[in-house]
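# Reading the structure
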Amino acid sequence: LRVWGGPQRARAAARYLVFALTSYGLLTLAALLVIVRAGQHTADLTANFQTLAGPAASAGFWLTLTASGIALGVFPFHRWLIDAQSEAPAGVAAVLIGVVSKLGAYTLIRVGLGQFPTVAHQYQLLIVGFAVVGAIWGGLAALAQDDLRRFIGYSNVAQVSLILLAAGTQTSVSLVGVVLFILAQGLSSGMLVLLGGAIEERVRSRSIRALGGLVTAAPRLAALWWVAVFTAIGIPVFAGFSAEVMLFSGSFPIHRIATVLVMASLVLTAAGLVWTGQRVFFGPLRESLQRTRDVGTLELAYLLPIVGAIVLAGVRPGALTPVITNGVIQITTRLAGG
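Owing to the predicted nature of the structure, the values given are computational and were not obtained by experimental measurement.

### A closer look at the overall build of the protein chain
- Per the secondary structure count, the protein chain includes 16 helices and zero strands.
- For 338 residues, the compact-globule estimate of 2.2 N^0.38 gives 20 Å, and the C-alpha radius of gyration of the protein chain, at 20 Å, lies within 12% of that figure.
- The principal-axis extent of the C-alpha atoms belonging to the protein chain is close to 70 × 40 × 35 Å.
- With 338 residues in all, the protein chain has 54% of them scored as buried.
- Here the contacts in the protein chain between residues at least 6 apart in sequence split such that 81% fall between residues at least 24 apart.
- Across the protein chain, 22 positive and 11 negative side-chain charges occur, with their mean positions spaced 5 Å apart.

Printed below as a string of structure tokens:
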């Protein structure tokens, strides 16, 4: 990131390093706390769970929640991810936003909820509150962006707030749905970043206002962009639909107002994604963009497998849910006091 990337790559790299080390440090402290307080001198989470309670559990939960929030890039810890993914080369940015940040979601669900269920249940309203604020903030901030890569970053902030909503709801349906959502959102956001980088490489600009009519010059690029957008906004047949249906149906009975607010903010985010796609690809083709090169064989070689995974997960979510349920059932049992 510091060697290759945009003009602000040095600042973005430094910020990424600080936030990454902070996240890893907090998570390491939580792990050490679990091991020491459990008295079993093992890193096996299942063994340590049985003996951790009281202030130690509260401290471990807050350390884990903060570490996972930083890694996810949720509000108010989102600035490092916005800067890093907008300044890094497209491939690196796609890995950051589509893979690395999603490790924070795993940490939150597997460690935060699974290891500290009593504390997680006690503060579920606070977690849901962060989800609502983050979803609204991300959607509004995305609409204010003219930089295409930063627009994608802020849209991601709004979408990952759904992970906090599921973590605050703590039902089996919402947790299975959020695991599917993590997969779908990682694929769609990574694909959008790759395509945004392809547009930047071709037109030498990331300004949305400077674009327009690209569907004429680059129809394959436009088609791939809309596949990623349709996945992000939860259109049927694509992976995001089943994930969001399960997530919202599991969350609504528990936190009705918060779920409605998050859904409303996602409508705003979806409108921003569609509006941006309309400005970039439709309308009259600008004269300066008439020779824009379409995606080639090499780009199709890594983009089409992502499309295949998106469609497969959207058409056959039932092939994934039993595997996910087996992993979630232990967590929900602990959350229920079992």
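Still more to cover.
### What to know about the nonpolar core
- In terms of nonpolar packing, the biggest core is built from 56 residues, with M191, I199, L221, W225 and F281 touching the most fellow members.
- With ten residues, the single largest contributor to this core is helix α10 (residues 172-203).
- Setting aside residues up to four positions removed in sequence, M191 forms contacts with L224, V227, A228, L303, I306, V307 and I310.
- By size, the runner-up hydrophobic cluster in this structure holds 42 residues, among which are V74, V119, I127 and V132.

### Looking at the pattern of salt bridges
- Tallied over the entire structure, the rule returns nine salt bridges.
- The partner of D83 in a salt bridge is R15, with the nearest N and O atoms 2.4 Å apart. Here D83 is found in helix α4 (residues 79-87), whereas its partner R15 is found in helix α1 (residues 9-38), with 68 residues between them in sequence.
- The residue R220 makes a salt bridge to D294 at a minimum N-O spacing of 3.8 Å. Taken together, the positions of R220 in helix α12 (residues 219-232) and D294 in the loop between α14 (256-281) and α15 (297-315) put the pair 74 residues apart, joining distant regions of the chain.

### Let's talk about the side chain of H78
- Relative to the elements of secondary structure, H78 occurs in the loop between α3 (55-72) and α4.
- A distance of 3.5 Å separates polar atoms of two side chains, one belonging to H78 and the other to W137.

### Brief notes about a nonpolar patch on the surface
- Together, I136, L140, L143 and W275 give the surface a local cluster of nonpolar side chains, amounting to about 350 Å² of exposed area.
- Tallying contributions element by element places helix α8 (residues 124-143) first for the nonpolar patch, with three residues.
- Tracing the backbone shows I136 in helix α8.

### Considering the side chain of R149
- With respect to the helices and strands, R149 occurs in helix α9 (residues 148-169).
- Within the local environment of R149, its side chain forms a polar contact with the side chain of E200, the two groups lying 3.1 Å apart.
- Look past the residues within four positions of R149 in its chain and what remains in contact with it is Q85, S86, E87, A88, P89, A90, A93, V193, G196, G197, E200 and R206.

### Things to note about the packing of aromatic side chains
- Applying the stated criterion across every chain yields a total of eight aromatic pairs.
- Their ring planes at 75 degrees and their centres at 5.6 Å tell us that F61 and W62 sit as a pair that is edge-to-face.
- Here the aromatic rings of W225 and F281 are separated by 5.7 Å at their centres, their planes lie at 50 degrees, and the arrangement is tilted. On the criterion of sequence distance, the pair formed by W225 in helix α12 and F281 in helix α14 is long-range, its members being 56 residues apart.
- Look at F281 and you get buried, because its relative accessible area is 0%.
- Ring pairs connect the aromatic residues W226, F230, F238 and F282, which therefore count as one cluster.

### Digging into unusual backbone geometry
- In this model, F75 is joined to P76 through a cis peptide bond whose omega is 10 degrees.
- Structurally, the position occupied by P76 is in the loop between α3 and α4.
- Phi is positive for R204, close to 60 degrees, though the residue is something other than glycine.
- Checked against the element boundaries, R204 lands in the loop between α10 and α11 (214-217).
- For R204, a relative accessible area of 70% gives the class exposed.
- In the Ramachandran plot, V237 falls in the positive-phi region, its phi being about 85 degrees despite a non-glycine side chain.
- Along the polypeptide, V237 turns up in the loop between α12 and α13 (239-251).

### Examining α9
- End to end, α9 covers 33 Å across 22 residues, agreeing with the expected 32 Å (1.5 Å per residue, within 8%).
- In terms of burial, α9 is largely enclosed, as 22 of its 22 residues are buried.
- For α9, the capping residue at the N-terminal end is D147, with a side-chain oxygen 2.9 Å from the backbone nitrogen of R149.
- Following α9 by one or two positions, Q170 adopts a phi angle in the positive range, close to 65 degrees.

### Observations regarding α8
- In this model, α8 (20 residues) spans 29 Å end to end at C-alpha, consistent with the 28 Å of a helix rising 1.5 Å per residue.
- Within the sequence span of α8, burial applies to Q124, I127, V128, A131, V132, G134, A135, G138, G139, A141 and A142.
- Where α8 is buried, its residues touch α3, α7 (117-122), α9 and α14.

### Observations regarding the environment of A232
- Within the secondary structure, A232 is located in helix α12.
- Given the relative accessible area of 8%, A232 is considered buried.
- Dropping the residues within four chain positions of it, A232 is found in contact with Q159, S188, E244 and L273.

Quick notes on the rules
- Residues numbered from 1 in each chain as written.
- Predicted model: local features only at pLDDT ≥ 70, side-chain atom pairs only at ≥ 80, totals over all residues.
- Heavy atoms only, no water.
- Helix = DSSP H or I, 4+ residues; strand = E, 2+ residues; numbered from the N terminus.
- Rg over C-alpha atoms; globule rule 2.2 N^0.38 Å.
- Buried < 20%, exposed > 50% of the residue type's maximum accessible area, 1.4 Å probe, protein only.
- Contact = heavy atoms within 4.5 Å.
- Lys, Arg positive; Asp, Glu negative; His and termini not counted.
- Charge placed at Lys NZ, Arg CZ, Asp CG, Glu CD.
- Core = buried A, V, L, I, M, F, W, Y, C linked by side-chain atoms within 4.5 Å.
- Salt bridge = Lys/Arg side-chain N within 4 Å of Asp/Glu carboxyl O.
- Polar contact = N/O pair within 3.5 Å; in protein donor to acceptor, adjacent residues only side chain to side chain.
- Patch = residues over 30% accessible without salt bridge, like charges linked within 9 Å, V, L, I, M, F, W, Y side chains within 5 Å.
- Areas by Shrake-Rupley, 256 points an atom, 1.4 Å probe, with all protein chains shown as cover.
- Phe/Tyr/Trp six-rings, centres within 6.5 Å; stacked < 30°, edge-to-face > 60°.
- Expected span 1.5 Å × (residues − 1).

Scope: geometric values only; no functional claims are made or implied.
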